[in-house]
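Working through the structure, step by step
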Amino acid sequence: MPSSRKPFPIHIVVFLAPAVIIYTLFMIYPLLDSLRLSLNTVDPATGNEVYAGLQNYQRLFTDALWQPRILGALRNNFVFFAIHMLVQNPLALILATLLSSRFIRGRTVYRTLIFTPSVLSIVLIAFIWRLILSPIFGKALFAPLGITLPPLLGEPATALPTLGLVSVWQWVGVPMMLFLAALIGIPDELIEAARVDGATGWGVFWRIKLPLILPTVGIVGVLTFVGNFNAFDLIYTSQTALANPAFSTDLLGTLFYRTFFGFQLQLGSPTMGATVAGVMFMIILIGVMIYMFTWQRRLLRNTVEL
Amino acid sequence: MTARPRTPLGSTLQLVAAHAALLLYTLIALFPIVLIVLNSFKTRNAIFRTPYAFPDADTFSLVGYETVFSRGNFPQYFANSVIVTVCALLLIFIAGTMAAHALAEYKFPGNAIMGLYLALGIMVPIRLGTVSILRLVVSLKLVDTLAALILVYTAMGLPLAVFILSQFMRQIPRDLKDAARVDGASEYRVYWMTLPLIRPALGTVMVFNMIPIWNDLWFPLILAPSDANKTVTLGAQTFLGQFVNDYNAVLSSLTLSALPVVILYVLFSRQLIRGLTSGAVK
């Protein structure tokens, strides 16, 4: 350790500079500046941006025009997240458990194939499913099976759950891989010992495997949360920025885009856009904090007790 | 463990059930994609009459691909995506390995804080700063350029790259580097020497960053939307929106846009999967 008398070694500065400059300029500064911007408003008299405190946030949550949009997007976003937590992650855990068995042949092949949709762009996924569920091509697909397809993406009641499941279909490979890596990491001796003690497959899963992969369960949860509250591409591509039908698929990401850029008759507003981004930032921050201070801390305490 | 326990007789049934479940889900995962590719090679009538059949002599048609090549600008979009992705990966590589080396190799005041600062971006989505990123790009006169995308993607990829690389670099034996120093090598030379040693982690970081950059819709839409600067993802999005009722063209452009990523995935799936697990498990 160099003493504080010595000058700071120049090579360390050289090594750090490129990354720190690009990262600070294009990520940290914009995030902070965007938060600052959310506290400003445009003065109609001069056209200048002036400090306005929390006025934009108040407007977003109380104004008759904004309130239904932000509350609707929040509600939809929680539904979208719930679908992923209830369908995607349990499904991923089941698939990973099956794939972690040493007796299953062709595990790598299954794993690689199931992961394929996750490497395609959301734009392609959105169009593929729009096509499959469309009244014309969809009818040609489902009529031979004797199924009459309702317009799943056209009805407000079904559009959001349908898109949630499309998103689950695309992304289930990611948590599957994370669970799989954790399950493979469990020492064989532990499982063998439990089996010798007479534990069944279910018993081993619930009492040995699941507790041991709890850290991964937490990480999958927080990644799902951040990803879902940042989602945009699927809704934009499939339902346009207006989140058809009747805003029923509007997420915070699409609301952010419309607010910032404007769409059709709505004029874009950088300050209100930054405000929506500010709300998203807070939600993601709260989610990550809850994870860090409850899940991780509890795990830490349990390991200490062990 | 010396001998693997043999499968008990009763669990043969379990094995069959497990395979059945995995096979079923594999089909669900692949069927929609296969269906699109299959039908992209058929005439319009055959698409609707026999959607599940393979194209044969009567139904084979490339009319969709002809539309894509004559009406779309896909070679240009493709070139743009390659430029953006390769340049961003190169910058992530250079800046990422240098910073990771500094964090892993030297004890200096603020090392831990710097590591934490660079890791902040792993959890916070860069999209949330878009309003200010656009203003910054405008003030740098980079609006509607590929350079804007390259810089934003570099900033987006760096946090996880530095995190993974510095963890990996800490495991490189010190003796090697100290021996070089005794021989009079400069610190820059020492850094240069370590690069071949981190190849496995590097492949992982590169492949893992490539896919989100290639597939991104948000930043091309906002920072570089003109036709000359569209990436494949935005280009496909616009083309598909315009030709939404031309089923041949839609199916062909979907197939063409998916192709490069699927080829890369087949080649690099191991690195990708390793990146996914090493990035998140720690």
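None of the values given here were measured: they were computed from a predicted structure. (Residues numbered from 1 in each chain as written. Chains lettered and ligands numbered in written order. Predicted model: local features only at pLDDT ≥ 70, side-chain atom pairs only at ≥ 80, totals over all residues. Heavy atoms only, no water.)

Time to look at the overall build of chain A. Within chain A, the secondary structure is distributed over 14 helices and four strands. Taking 306 residues into account, the globule formula puts the C-alpha radius of gyration at 19 Å, and chain A, at 24 Å, lies well above it. Taken along its principal axes, the extent of the C-alpha atoms in chain A is 80 × 80 × 35 Å. In chain A, once contacts between residues fewer than 6 apart in sequence are set aside, the share between residues at least 24 apart is 64%. Roughly 14,600 Å² of accessible area belongs to chain A as shown, and the carbon and sulfur atoms make up 69% of that amount. With 19 positive and 12 negative side-chain charges, chain A shows a separation of 5 Å between the mean positions of the two kinds. (Helix = DSSP H or I, 4+ residues; strand = E, 2+ residues; numbered from the N terminus. Rg over C-alpha atoms; globule rule 2.2 N^0.38 Å. Contact = heavy atoms within 4.5 Å. Areas by Shrake-Rupley, 256 points an atom, 1.4 Å probe, with all protein chains shown as cover. Lys, Arg positive; Asp, Glu negative; His and termini not counted. Charge placed at Lys NZ, Arg CZ, Asp CG, Glu CD.)

To continue, consider the environment of leucine 15 of chain B. Turning to its location among the elements, leucine 15 of chain B is positioned in helix H1 (residues 12-40). Every residue in contact with leucine 15 of chain B, bar those within four places of it in the chain, is listed here: Phe103 and Ile104 of chain A.

The next point concerns the confidence of the model for chain B. Residue-level pLDDT values for chain B average 89, and 95% of them are 70 or greater. Interface confidence for the predicted complex, expressed as ipTM, amounts to 0.90; the pTM equals 0.91. (pLDDT = per-residue confidence, 0-100.)

Chain-level statistics for chain A give a pLDDT mean of 91 and a share of 96% at 70 or above. When mean pLDDT is taken per element in chain A, helix H3 (residues 67-99) of chain A scores highest with 97 and strand E4 (residues 266-267) of chain A scores lowest with 84.

Moving on: the interface of chain B and chain A. Facing the 92 residues of chain B at the interface are 92 residues of chain A. Together, the buried faces of chain B and chain A total about 8,800 Å²; carbon and sulfur atoms form 80% of this surface. Of all residues in chain B, Leu22, Tyr25 and Leu128 of chain B give up the largest surface area on contact with chain A, accounting jointly for 8% of the area buried on that side. Our count for the contact surface shared by chain B and chain A stands at two salt bridges. Its salt-bridge partner being aspartate 233 of chain A, residue arginine 127 of chain B comes within 2.9 Å of it at the nearest N-O pair. At the boundary of chain B and chain A, one finds 17 residue pairs in polar contact (both at pLDDT 80 or more). Among the residues forming the side of chain B that touches chain A, the class breakdown is 70 nonpolar, 17 polar and five charged. (Buried area = accessible area lost by both parts, 1.4 Å probe. Salt bridge = Lys/Arg side-chain N within 4 Å of Asp/Glu carboxyl O. Polar contact = N/O pair within 3.5 Å; in protein donor to acceptor, adjacent residues only side chain to side chain. Nonpolar A, V, L, I, M, F, W, Y, C, P; charged D, E, K, R; others polar.)

Another aspect to go through is the side chain of serine 121 of chain A. Looking at the secondary structure, you find serine 121 of chain A in the loop between helix H4 (107-119) and helix H5 (122-132). Those residues in contact with serine 121 of chain A, other than ones at most four positions away along the chain, are Gln170 of chain A together with Asn215 and Thr233 of chain B.

Here the focus is unusual backbone geometry. Along the chain, asparagine 244 of chain A connects to proline 245 of chain A via a cis peptide bond; the corresponding omega equals -15°. With respect to the helices and strands, the residue proline 245 of chain A is situated in the loop between helix H12 (233-239) and helix H13 (252-261). In this model, alanine 243 of chain A sits at a positive phi of 55°, which is unusual for a non-glycine residue. Relative to the helices and strands, alanine 243 of chain A resides in the loop between H12 and H13. Assessed through its relative accessible area of 0%, alanine 243 of chain A is described here as buried. One non-glycine residue, lysine 141 of chain B, lies in the positive phi region at around 55°. Along the chain, lysine 141 of chain B falls in the loop between helix H6 (130-139) and helix H7 (146-169). (Buried < 20%, exposed > 50% of the residue type's maximum accessible area, 1.4 Å probe, protein only.)

What follows concerns the packing of H3 of chain A against H13 of chain A. Each pair of packed helices gets described by two things: the angle between the helix axes and the distance between those axes. All names here are of chain A. Put simply, H3 and H13 touch, their axes get as near as 8 Å, and they point 150° apart. By the criterion of interaxial angle, the relationship of H3 to H13 is roughly antiparallel. Contacts from Arg69, Ile70, Ala73, Leu74 and Asn77 in H3 reach Leu252, Leu255 and Arg258 in H13. Looking at the contact of H3 with H13 residue by residue, the classes come out as five nonpolar, one polar and two charged. (Axes fitted to C-alpha atoms, helices over the stretch in contact; angles between N-to-C directions. Parallel < 35°, antiparallel > 145°, perpendicular 65-115°, else oblique.)

There is a patch of nonpolar side chains on the surface, built from Met282, Leu285, Ile286, Met289, Ile290, Met292 and Phe293 of chain A and spanning about 650 Å² of accessible area. The topology assignment puts isoleucine 290 of chain A in helix H14 (residues 270-305). (Patch = residues over 30% accessible without salt bridge, like charges linked within 9 Å, V, L, I, M, F, W, Y side chains within 5 Å.)

A few words on the packing of helix H1 (residues 10-37) of chain A against H6 of chain B. One way to put it is that H1 of chain A packs onto H6 of chain B with a least axis distance of 7 Å and a crossing angle of 115°. By crossing handedness, the relation of H1 of chain A to H6 of chain B is classed as right-handed. Taken together, the residues of H6 of chain B that come into contact with H1 of chain A (itself represented by Leu25, Phe26, Tyr29, Pro30, Asp33, Ser34 and Leu37 of chain A) are Val131, Ser132, Ile133, Arg135, Leu136 and Val137 of chain B. Across the contact of H1 of chain A with H6 of chain B, the residue classes tally to nine nonpolar, two polar and two charged. (Left-handed = near helix turned anticlockwise from the far one by under 90°.)

All names here are of chain B. Counting residues in each nonpolar core, the largest one holds 181 residues, and the members touching the most others are Phe219, Leu223 and Leu254. A per-element tally of this core places H7 first, with 14 residues. Residues within four places of leucine 223 in sequence aside, it is in contact with Ile133, Leu134, Val137, Val143, Asp144, Thr145, Ala148, Leu149 and Val152. (Core = buried A, V, L, I, M, F, W, Y, C linked by side-chain atoms within 4.5 Å.)

A few words now on the pattern of salt bridges. Under the criterion given, the structure shown has twelve salt bridges over all chains. Measuring nitrogen to oxygen at the nearest pair gives 2.8 Å for the salt bridge that ties arginine 258 of chain A to aspartate 250 of chain A. We note that arginine 258 of chain A, like aspartate 250 of chain A, is buried. Lysine 177 of chain B is paired through a salt bridge with glutamate 105 of chain B; the nearest N and O atoms lie 2.7 Å apart. With lysine 177 of chain B in helix H8 (residues 174-182) and glutamate 105 of chain B in helix H4 (residues 74-105), this residue pair connects regions lying 72 residues apart in the sequence. Assessed through its relative accessible area of 4%, lysine 177 of chain B is described here as buried. Judged by its relative accessible area of 7%, glutamate 105 of chain B falls in the buried class. Among the charged side chains, a network of salt bridges with common partners joins Glu105, Arg174, Lys177, Asp178, Arg181 and Glu187 of chain B.

Residue and element names in this part refer to chain B. Locating leucine 149 in the fold gives a position in helix H7. Taking the relative accessible area as the measure of exposure, leucine 149 reaches 0% and is therefore buried. Taking C-alpha positions, leucine 149 is 16 Å from phenylalanine 93, a pair spaced 56 residues apart along the chain. Leave out the neighbours within four places in its chain, and leucine 149 touches Val84, Phe219, Pro220, Leu223, Ala224 and Thr231.

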